[in-house]
Amino acid sequence: MNIFDKSFSPSEAHVRYLDADYVVLRPGSFVRCAITGSPIPLDELTYWNVDRQEAYANAEAAYEAHKRYGIPAR
């Protein structure tokens with residue numbers, strides 16, 4: 001995938017979030033923040049929740065998710 005190709009169009013990736021990494025199941029250029037709905041480029045993805053399989057745009061969004069849902073029991 002080359003963003004400089006004229007045929008390139010951004011698409012949402014499908015990702016499996018792991019403890020310290022993630023696996024791209026369906027290629028794309030971004031994922032959506034579960035709190036804000038904003039697109040997060042994959043190369044800027046830093047915050048996610050493994051149990052809920054959600055991505056977050058920034059620390060504030062991750063904290064908001066924590067306040068809403070708390071820490072799940074394992």
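Thresholds, definitions, all that
Residues numbered from 1 in each chain as written. Predicted model: local features only at pLDDT ≥ 70, side-chain atom pairs only at ≥ 80, totals over all residues. Heavy atoms only, no water. Helix = DSSP H or I, 4+ residues; strand = E, 2+ residues; numbered from the N terminus. Buried < 20%, exposed > 50% of the residue type's maximum accessible area, 1.4 Å probe, protein only. Contact = heavy atoms within 4.5 Å. Areas by Shrake-Rupley, 256 points an atom, 1.4 Å probe, with all protein chains shown as cover. Pairing = 2+ DSSP bridges. pLDDT = per-residue confidence, 0-100.

**Section: the overall build of the chain**
Okay, step 1: Counting its regular elements, the chain contains one helix and six strands.
Okay, step 2: Along the chain, helices (α) and strands (β) appear in the sequence β-β-β-β-β-β-α when read from the amino end.
Okay, step 3: Expressed as a percentage of its 74 residues, the buried residues of the chain come to 23%.
Okay, step 4: Within the chain, contacts between residues separated by at least 24 positions form 24% of all contacts whose residues are at least 6 apart in sequence.
Okay, step 5: When the accessible surface of the chain is totalled, it reaches about 5300 Å², and 51% of it is carbon and sulfur.

**Looking at the pairing of strand β1 (residues 14-17)**
Okay, step 1: A one-sided burial pattern is seen for β1, the buried positions being Val-15 and Tyr-17 and the unburied ones His-14 and Arg-16.
Okay, step 2: Where β1 folds back onto strand β2 (residues 22-26) in an antiparallel hairpin, the turn is made up of four residues.

**Re the confidence of the model for the chain**
Okay, step 1: Here the chain shows a mean pLDDT of 88. Residues at 70 or above account for 82%.
Okay, step 2: Looking over the chain, one finds the lowest element-wise mean pLDDT in helix α1 (residues 59-69), namely 94, and the highest in strand β3 (residues 30-32), namely 98.

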